[in-house]
Amino acid sequence: MTSSANDCYRSRFDAVERIVPRQDPVVYASRPARPPMSEPRILDYGDNGFVLLENLFSAREVACFQEEAQRLWDDAELGDREEAIIEPDSRTLRSLFDVPRFSPVFDRLARDARLVEWARYLLDDEVYLHQSRLNYKPGFEGREFYWHSDFETWHVEDGMPRMRALSISIALDTNRASNGPVMLVPGSHYHFISCAGETPEEHYKKSLRRQEYGVPSQAGLKQLTQGNEIAVITGGAGSALLFDCNTMHGSAGNITPYSRTNLFFVYNAMNNQLQAPFSGQKPRPEYIARRADITALQPVSYREEDYLVRAQYL
Ligand code: 6CS
Ligand code: FE
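This one's a predicted model, so the numbers in the text were calculated from it and none came from an experiment. (Residues numbered from 1 in each chain as written. Chains lettered and ligands numbered in written order. Predicted model: local features only at pLDDT ≥ 70, side-chain atom pairs only at ≥ 80, totals over all residues. Heavy atoms only, no water.)

Draft legend 1. Geometry of the overall build of the protein chain. What the protein chain contains, in helices and strands, is nine helices and 13 strands. For 314 residues, the compact-globule formula gives about 20 Å, and the C-alpha radius of gyration of the protein chain, at 18 Å, lands near that figure. Here the C-alpha coordinates of the protein chain stretch approximately 55 × 50 × 40 Å along the principal axes. As displayed, the protein chain has an accessible area near 13,500 Å², and 49% of this comes from carbon and sulfur atoms. Side chains of the protein chain give 35 positive and 44 negative charges; the mean places of these two sets differ by 1 Å. (Helix = DSSP H or I, 4+ residues; strand = E, 2+ residues; numbered from the N terminus. Rg over C-alpha atoms; globule rule 2.2 N^0.38 Å. Areas by Shrake-Rupley, 256 points an atom, 1.4 Å probe, with all protein chains shown as cover. Lys, Arg positive; Asp, Glu negative; His and termini not counted. Charge placed at Lys NZ, Arg CZ, Asp CG, Glu CD.)

Draft legend 2. Local environment of the coordination of the iron ion (ligand 2). Taken together, the protein donors to the iron ion (ligand 2) comprise His 148 (NE2), Asp 150 (OD) and His 249 (NE2), at separations of 2.1 to 2.4 Å. For the iron ion (ligand 2), the four donor atoms in the first shell make angles of 81 to 170 degrees at the metal, so the coordination geometry reads as irregular. For the iron ion (ligand 2), the single-chain donor residues occur in sequence as H-x1-D-x98-H. Of this pair, His 148 sits in strand β6 (residues 145-148) while His 249 sits in strand β12 (residues 249-251); the two residues are 101 residues apart in sequence, bridging distant segments of the chain. (Donors = N, O, S within 2.8 Å, 3.2 Å for Na, K, Ca; no water. Tetrahedral: all angles 85-135°; square planar, octahedral: opposite > 155°, others 65-115°.)

Draft legend 3. The site of ligand 1, seen in detail. Ligand 1 sits among Gln 131, Arg 133, His 148, Asp 150, Thr 153, Trp 154, Leu 208, Gln 211 and Arg 284. Here Arg 133 contributes a side-chain N or O atom positioned 2.8 Å from an oxygen atom of ligand 1. The contact in question runs from an oxygen atom of ligand 1 to an N or O atom on the side chain of Trp 154, over 2.8 Å. If ligand 1 stood free it would expose 300 Å²; the protein chains cover 93% of that surface. Among the secondary structure elements, those contributing two or more residues to the shell around ligand 1 are β5 (127-135) and α6 (150-158). At three residues, the largest contribution of residues to the shell around ligand 1 is made by α6. Split by residue class, the shell around ligand 1 holds two nonpolar, four polar and three charged. (Near = heavy atom within 4 Å. Polar contact = N/O pair within 3.5 Å; in protein donor to acceptor, adjacent residues only side chain to side chain. Nonpolar A, V, L, I, M, F, W, Y, C, P; charged D, E, K, R; others polar.)

Draft legend 4. The pattern of salt bridges, seen in detail. Summed over the entire model, instances satisfying the criterion amount to 26 salt bridges. Across the pair Arg 143 and Asp 89 runs a salt bridge, and its minimum N-O distance is 2.8 Å. Of this pair, Arg 143 sits in the loop between β5 and β6 while Asp 89 sits in the loop between β3 (84-86) and β4 (93-97); the two residues are 54 residues apart in sequence, bridging distant segments of the chain. Through salt bridges that share partners, Arg 10, Asp 14 and Arg 18 make up one connected network. (Salt bridge = Lys/Arg side-chain N within 4 Å of Asp/Glu carboxyl O.)

Printed below as a string of structure tokens:
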């Protein structure tokens, strides 16, 4: 496998791990763009690499989202599809990818201005949905998502050129300290961990269940967390966590009775569309990384009643 010489985020080619500086802005917005949020929150996002928006959605909207997530969980036909990822050591559903494909409700939510306007502002561009997934993390059976930078994978395995993408994780359950909440390393987005090792062929068939390549070494993680405090993101259903594509994050397994279902939308800048994977391998499937028919998302100011209409009428 060869990596192009001008790959400024080269990873998984060398025997040793390297931590190199980020070579891209974090907040791309240039004044006087009208921010859809208060100044302190933009500073938080820039400094830490993430920001939590409490109660972005109302209790009634959340109830509709929870009902839809349950409908997808119960749909036995979905369980056999490639977009349905099973836990590493059971037959339990771990994640469902390409969510809007299966849900008119979540197709609408992905376009909601309360999400898209943030992405357009922070990335200073029109945006499209690079990836979406429902991570169910069910009680007792939801396993961990080991530490990783999403961008490291999206660059190496999907050919995402630069750090100009962000994730929004919408809590559909209460994210408690106990049930495997998302944890992030503040400031880690300014450092790119060039991982040692290689990329196995069709790595996603394993990595989406348990990721073992393209993850930081324990020494690397110690270096990122030195003099720092890992942030544990707890909050009620309806809150939204925005985090930069390169912020180091992970979550522990869930041994409590409380599920921790979160819905992730990944917005990529239209100017940052995928190229050939920097691993030199063939691209991952469309349900994981969108390549075809890319059109910019137009934000829609949906109101609560737009979601309360039952899914089959949407
Ligand atoms: O490979 C990916 O794209 C997925 N893997 C992880 C652990 N996070 C991002 C994304 O869901
Ligand atoms: Fe991730």
